Amino acid sequence: MSEFNIDAKQISDSLKETLGDWQDSVKDDLVGYVSAVADGVARVKGLENVMASELLEFPGGLVGVALNLEEDSIGVVLMGDSNHIEEGMPVKQTGEVLSIGVGDGFLGRVIDPLGNPIDGKGPIEFTERRRLELQAPSVVERQPVGEPLQTGIKAIDSMIPIGRGQRELIIGDRQIGKTAVAVDTIINQKDTDVKCIYVAIGQKSSTVAEVVERFEQEGVLDKVVIVNAPASAARRPPGREAYPGDVFYLHSRLLERCAKVSEELGGGSLTGLPIIETKAGDVSAFIPTNVISITDGQIYLESELFYSGVRPAVNPGTSVSRVGGAAQTKAMKKVSGPLRINLAQFRELEAFAEFGSDLDAASQAQLDRGRRVVELLKQPQYQPVPMEEQVISLYAVTEGFLDVVDPADIPQTELDLIDFVKTRYSDVINSIKTTGELPEEELKTAVEAFVSTLEKKEE
C-alpha cells in the first residue's frame, strides 16, 4: 500500500483558494408575524416599513399584497391558496411593489391576475415590468374620443357606437349574450391594429377554455391576452355588501385608465367594455348604478327580446353611447340616423296593433318597415359584419328599398344584396371602406339594380 503524503502548505493553499471570496457580512432581515387570518386576508404585525401595495412573502412561497397600512398592523390580501396560513407564522418583506410583466409575449397566452402563465405553454418572455397602481392619464394628457372601434355588430355600430378610448358598459341578465358581444367585438379586430385583453372573473375554467378555442378557430388568438381568475379562486367573503365603498373605488380606478391619449403621448387608446350582470333586469341595484355612473354609456341587453328571438338582444331605447356620432364614419352616421326613430315608432305601433285595432295604410307601412329593420339587425354569433357591408344593408332598409321583401326573407335577401354589390359594384363597397364617406348616388343605383332582380324573380 502506497503512502499518502500531504504537506501543510497544500492544505493552507487549498483553504485560501476556497475561502478567498468569503466575506463576513450580517443580513438584517425584519420579520413580522401573522396575528389573524380569515377569508383570504391576513392581519400582519411587526413590519414597520412596508410600502403600499408591497409584496409580502408568507411560508410555502405564498405572496400577499399590503393594502391597509394601519398604525400597529397591516391588512394583506393573500394571492393564492391560504389554507396553510396560521397565526404566528413569519412574514417577510420583499421590497417590491406589486407589478407584472408587460409586452407582446403575453399575446395568445392565458395568465392569472399576476401575469403567471396557466396554459401549460411554458414561461412568458418579457423585458419590462410595470406597476399596477399607475396614475391614469390626466385631462390634459387626453384628447376627445373620435375614432370608431368597430364591433361588427349591426345594432351596436349603428345605434350605440363605441369609440377608441371609450368606456361602454355591457349590462343585462344572466345568459342573454353579454359575453357574446365582447367576444364578437374581439373577433372583429382580426384585421385591425387593436390588441385585446379578455378578462374572465369567476367563470368556470371550461367556459374560458371554450372562449380560447373560439379565438383560435377565428384566427385572433395571437391578438388576445386572456386573464383568468376562475370561480375556484374567487370566494365571496361573508358580509361583502357591508363594505361597498372599496368596490366602487376599484371599478373607478380601473375604468379611469380607459382613454384616448394626446398625440404628444403617441395618440394610443385603451377602450373598456365592462360586463355587469343584473337580477331580473334591475339596473338600480348597487353595482349596476356604480358602473353606469363611471362609464360613458351602456349596451342594455333585454331578456324579453332575447327569448323572442331578437339576438343580439340590444334594447335601443335604454342603451346609449355618450360619444355618439363622433365614433362613427360619415357613411354610417348618415344611414343610421333614422334607425332609432324607426324602431321606436315600430315598438309603439306594435303595442297598439296587439289590441287588434285597424291601422291606416301609413301606420301599417311603418309597422312593416319596423319588422324588416328588426330582422335586419338580427345577427348570428361569431359572425361580425364589416362596416361597409353594414352601411349598404342599413341604407337599403331605411330608405325603403327592401319594403318589397317579406320580413321573414330579410336575412337571406341581405346576404344576396351584399354579394350582388361586391360582384357588380365593387367600387362602391371599396369607396365606403377606404374613405368612410357615403357615395349616395352610386349606392342608390346599385341597390335599385338589386331590387329590380328581385322583382324579375317574382314575375
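Residues numbered from 1 in each chain as written. Predicted model: local features only at pLDDT ≥ 70, side-chain atom pairs only at ≥ 80, totals over all residues. Heavy atoms only, no water.

The subject of this paragraph is the pairing of strand S11 (residues 196–201). Along any regular strand, the residues point their side chains to alternate faces of the sheet. Judged by which residues are buried, S11 turns out to be one-sided: Cys196, Tyr198 and Ala200 face inward and are buried, whereas Ile197, Val199 and Ile201, on the alternate face, are not. Relative to strand S12 (residues 224–229), S11 runs parallel, the two being bridged by six bridges. Each residue of the ladder has a partner; that of Cys196, found in S12, is Val224. (Buried < 20%, exposed > 50% of the residue type's maximum accessible area, 1.4 Å probe, protein only. Helix = DSSP H or I, 4+ residues; strand = E, 2+ residues; numbered from the N terminus. Pairing = 2+ DSSP bridges.)

Along strand S2 (residues 41–45), the buried face is formed by Ala42 and Val44; none of Val41, Arg43 and Lys45, which line the opposite face, is buried. The turn linking strand S1 (residues 31–38) back onto S2 is made up of two residues, and Asp39 within it adopts a positive phi angle of 55°.

Let's shift gears to the sheet that holds S12. With parallel pairing, the three strands of this open sheet are ordered in space as S8-S12-S11. What marks the edges here is a single partner per strand, and that holds for strand S8 (110–111) and S11. Strands in contact with helix H4 (residues 205–218) are S8, S11 and S12; relative to S12, the strand with the most contacts, it is inclined by about 175°. (Contact = heavy atoms within 4.5 Å. Axes fitted to C-alpha atoms, helices over the stretch in contact; angles between N-to-C directions.)

On to the packing of aromatic side chains, then. Scanning all chains against the criterion turns up six aromatic pairs. Where Phe306 meets Tyr307, the ring centres are 5.2 Å apart and the plane angle is 85°; that geometry is what we call edge-to-face. The ring of Tyr249 carries Arg253 above its face, with NZ or CZ at 4.4 Å from the centroid. (Phe/Tyr/Trp six-rings, centres within 6.5 Å; stacked < 30°, edge-to-face > 60°. Lys NZ or Arg CZ within 6 Å of the ring centre and 35° of its normal.)

Turning our eyes to something else, we now look at the environment of Lys334. Its location among the elements puts Lys334 in helix H8 (residues 330–336). Here the alpha-carbon distance between Lys334 and Glu128, two residues 206 residues apart in the chain, equals 45 Å. Discounting chain neighbours no more than four positions away, the residues touching Lys334 are Leu438 and Glu440.

Okay, the environment of Arg109 next. Position of Arg109 relative to the elements: it lies in the loop between strand S7 (99–102) and S8. The exposure class of Arg109 is buried, given its relative accessible area of 9%. As a C-alpha pair, Arg109 and Lys121 span twelve residues in sequence and 8.0 Å in three-dimensional space. When residues no more than four places from it in sequence are discounted, the contact partners of Arg109 are Pro117, Asp119, Lys121, Gly122, Pro123, Ile124, Val224, Val225 and Ile226. A polar atom in the side chain of Arg109 sits 2.7 Å from the side chain of Asp119. (Polar contact = N/O pair within 3.5 Å; in protein donor to acceptor, adjacent residues only side chain to side chain.)

Spatially, six strands are ordered S1-S2-S5-S4-S3-S6 in a closed barrel, and the strand pairing comes out antiparallel. Here the strands of the sheet are splayed against their neighbours by 45° on average, with no regard to which way each runs. Relative to strand S6 (residues 90–97), S1 runs antiparallel, the two sharing three bridges. Counterpart to Tyr33 in the pairing with S6 is Pro90.

Okay, a nonpolar patch on the surface next. A cluster of nonpolar side chains, namely Ile11, Leu15, Leu19 and Trp22, defines an oily patch on the protein surface of about 460 Å² accessible area. Considering the arrangement of structural elements, one finds Leu19 in helix H1 (residues 8–19). (Patch = residues over 30% accessible without salt bridge, like charges linked within 9 Å, V, L, I, M, F, W, Y side chains within 5 Å. Areas by Shrake-Rupley, 256 points an atom, 1.4 Å probe, with all protein chains shown as cover. Salt bridge = Lys/Arg side-chain N within 4 Å of Asp/Glu carboxyl O.)

A separate point is unusual backbone geometry. Backbone torsion omega between Arg311 and Pro312 reads 5°, so that peptide bond is classified as cis. Looking at the element boundaries, Pro312 is found in the loop between helix H7 (303–307) and strand S17 (320–321). Residues other than glycine seldom take positive phi values, yet Ser53 does so here, at roughly 65°. Along the chain, the position of Ser53 falls in the loop between S2 and strand S3 (54–57). For Ala280, which is not glycine, the phi torsion reads 55° and is therefore positive. Assignment of secondary structure puts Ala280 in the loop between strand S15 (275–277) and helix H6 (286–294). Under the relative-accessibility criterion, Ala280 is labelled exposed at 79%.

Distances and angles like these do not, on their own, reveal function.
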